[in-house]
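Residue-level structural notes
Here's the letter readout for the chains.
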Amino acid sequence: MPKKLVVQKYGGSSVANVERIQRVAQRVVSYAKKGFNLVVVVSALGDTTDELIELADQIDAAPSEREMDMLLSTGEQISVALLAMAINKLKKQAISFTGAQVGIITDTSHTRARIIKINTDRINKELQLGKIVIVAGFQGVTLNQDITTLGRGGSDLTAVALAKELKADSCEIYTDVEGIYTTDPRIEPRAQKIAAITYDEMLEMASLGAQVMQPRSIEVAKKFDVPLHVRSSFSLNSGTMIIKEVKKMEDVVVSGITLNKNEAKITLCGVPDKPGVAVKLFQDLAASGVSVDMIVQNVSHTRQTDISFTTTKIDCGKASKITKKVAQKIGAGEVLIDEDIARVSIVGVGMKSHHGVAAKMFGIMAKNKINIEMISTSDISISCIIKKKYAEMAVKKLHAEFGLNK
């Protein structure tokens, strides 16, 4: 009977120093001793990626994205080599690879590349030789042999994609928390660990600010039905299963509350109220790789209107320049930038079959004198843009009112 294959992913906090790397090595070896084949995806050590970004910033505030990928990919190369050494020292054979070496082929979108295909021949060959394969997360290579990175949290995507291509029996995502919680435990200590959550809910939570998983990795897991087990690298407790369906999921109206403080709001004032204006703005933003989220356009009573949208703080500078150029071309007014905002969201599959959820959320905001600047909804989420100073209070109040403290 062939050995079962487990893909494990360890985040930066799990391998932040030598002691933690050795602890991860012991866990990996314990699986190998139980008879599992193992492919282990590793992120860069601790804050290495942030430190490399700071180094680049000292050289050039707007460096080439290709060179940024060359730089940032080195972080994972260090961690995979060290983990392989630690496992070898425990008398188990391990071999480390970069994303390029294992054939993770991506498109040419530097800093946010998408995986096109994975050639698993080299991994399978090493597994057949009885080795534990350690793969650098977050990175790949183009057909022209240029190194690319997959965006923040890209190691999650590497692990899920490998699990799918290798037809792994399980995919475990190790982090510094014990699973997915009803909200960030650092904000609300009464947050509860969720035993199981659907792909849809997790994707919504990840997209709206929960920092446990990269949204793109959840999209791939959902598309190919790859069950994920999110758990802590610091304990042996079971974590949260991310799966297709959860029993009684409609009984729980709201599953979680998320908070995102890394957004900015841009408002283009005095926009001529005529066809084609909005498309000009958002086409130019898209062409420059700026990701836009919420969009609100006021109803015109004076043949002029205002358009507000949110984007990430990272893209805010680029987005504001583009918006100002468009404003000049179309004869619009001033461009207002507000980085003092936060997005608070409630998420739950059960919201589909329960009415009055939005009214309850807005009522909680009003009761606590929190002004809502923008609103967006989906089938399973409601998001509000509010001032950042009220954000954590809003999370705590919503968490309690929707019964998540229990």
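Residues numbered from 1 in each chain as written. Predicted model: local features only at pLDDT ≥ 70, side-chain atom pairs only at ≥ 80, totals over all residues. Heavy atoms only, no water.

Digging into the sheet that holds strand β19 (residues 374–378)
This is how it is decided: Two strands pair if DSSP finds at least two bridges between them. Secondary structure follows DSSP: runs of H or I at least 4 residues long count as helices, runs of E at least 2 residues long count as strands, and numbering of each begins at the N terminus. Here the axes come from fitting lines to C-alpha atoms, over the contacting stretch only for helices, and the angles between their N-to-C directions go from 0 to 180 degrees. We call two residues in contact when some of their heavy atoms are within 4.5 Å.
If you walk across this open sheet you meet the 4 strands as β13-β18-β20-β19, and the pairing is antiparallel. Each of the sheet's edge strands pairs with one partner strand only, and the pair in question is β13 (256–260) and β19. Strand-to-strand twist across the sheet, computed as the mean angle between neighbouring axes with direction ignored, equals 20 degrees. With 5 bridges joining them, β13 and strand β18 (residues 341–347) adopt antiparallel strand pairing. The residue of β18 that forms the bridge with Leu259 is Val344. With respect to the sheet, helix α6 (residues 199–207) is in contact with β13, β18, β19 and β20 (381–387), its orientation differing from that of β18 by roughly 170 degrees.

Here we look at the packing of aromatic side chains
Here is the rule: Between 30 and 60 degrees the pair is tilted, below 30 it is stacked and above 60 it is edge-to-face, where a pair is any two Phe, Tyr or Trp rings, Trp via its six-membered ring, whose centres lie within 6.5 Å. When a residue's accessible area, from a 1.4 Å probe over protein chains only, is under 20% of the maximum for its type it is buried; when over 50% it is exposed; and in between it is partly exposed.
For the structure on display, the rule yields 3 aromatic pairs. With a centroid separation of 5.7 Å and an interplanar angle of 45 degrees, the aromatic rings of Tyr31 and Phe36 are classed as tilted. Arranged with centres 5.6 Å apart and planes meeting at 75 degrees, the rings of Phe282 and Phe309 form a pair that is edge-to-face. In this pair, Phe282 sits in helix α8 (residues 277–287) while Phe309 sits in strand β16 (residues 304–312), placing the two residues 27 residues apart along the sequence. The exposure classification of Phe282 matches that of Phe309, with both residues buried.

Considerations on a nonpolar patch on the surface
The test is simple: What makes a patch is a set of residues exposed beyond 30% relative accessible area and free of salt bridges, joined within 9 Å when like-charged and within 5 Å when nonpolar (Val, Leu, Ile, Met, Phe, Trp, Tyr). Residue burial considers only the protein chains on display, and all accessible areas are found by Shrake-Rupley using a 1.4 Å probe. Any carboxyl oxygen of Asp or Glu within 4 Å of a side-chain nitrogen of Lys or Arg constitutes a salt bridge here.
A contiguous nonpolar surface patch, about 270 Å² in accessible area, is contributed by Ile78, Leu82 and Met85. If you trace the backbone, Leu82 turns up in helix α3 (residues 65–89). Here Leu82 falls in the partly exposed class, since its relative accessible area comes to 31%.

Things to note about the pairing of strand β14 (residues 263–272)
Burial runs high along β14: 10 of the 10 residues are buried. Where β14 lies against β16, 8 bridges are found, and the strand directions are antiparallel. Following the sheet pairing, Val271 is matched in β16 by Thr305.

Re the state of the cysteines
The criterion, for reference: Pairs of cysteine sulfur atoms within 2.5 Å are identified as disulfides in what follows.
Here the structure, examined in full by the defined rule, presents 0 disulfides. Of all cysteine sulfurs in the structure, the one in Cys316 sits closest to Cys269, which takes part in no disulfide; the separation is 14 Å. Classification of Cys269 by relative accessible area gives buried; the value is 14%.

Comments concerning helix α4 (residues 121–128)
How we decide: As used here, the arc is the angular range of directions from the helix axis to the C-beta atoms.
Taken together, the buried positions of α4 are Ile123, Glu126 and Leu127. Along the long axis of α4, the arc covered by the buried residues comes to 100 degrees, so they all point the same way. Turned more than 90 degrees off the buried face of α4, the exposed positions are Asp121, Lys125 and Gln128. Among the residues trailing α4, Gly130 stands out with phi positive, at a value near 85 degrees.

With respect to α3
Here is the rule we go by: A helix is expected to span 1.5 Å multiplied by its residue count minus one. Pairs of N or O atoms within 3.5 Å make up the polar contacts considered here, provided that, within protein, one atom can donate a hydrogen while the other can accept it, and that residues adjacent in sequence are counted only when both atoms are side-chain atoms.
Here α3 is 25 residues long and its end C-alpha atoms lie 37 Å apart, about the 36 Å a rise of 1.5 Å per residue gives. When α3 is considered as a whole, its buried residues turn out to be Met68, Asp69, Leu72, Ser73, Gly75, Glu76, Ser79, Val80, Leu83, Ala84, Ala86 and Ile87. The distance from a side-chain oxygen at the start of α3 to the backbone nitrogen of Arg66 is 3.2 Å, and the residue carrying that oxygen is Ser64. The first or second residue beyond α3 is Lys91, which carries a positive phi of 70 degrees.

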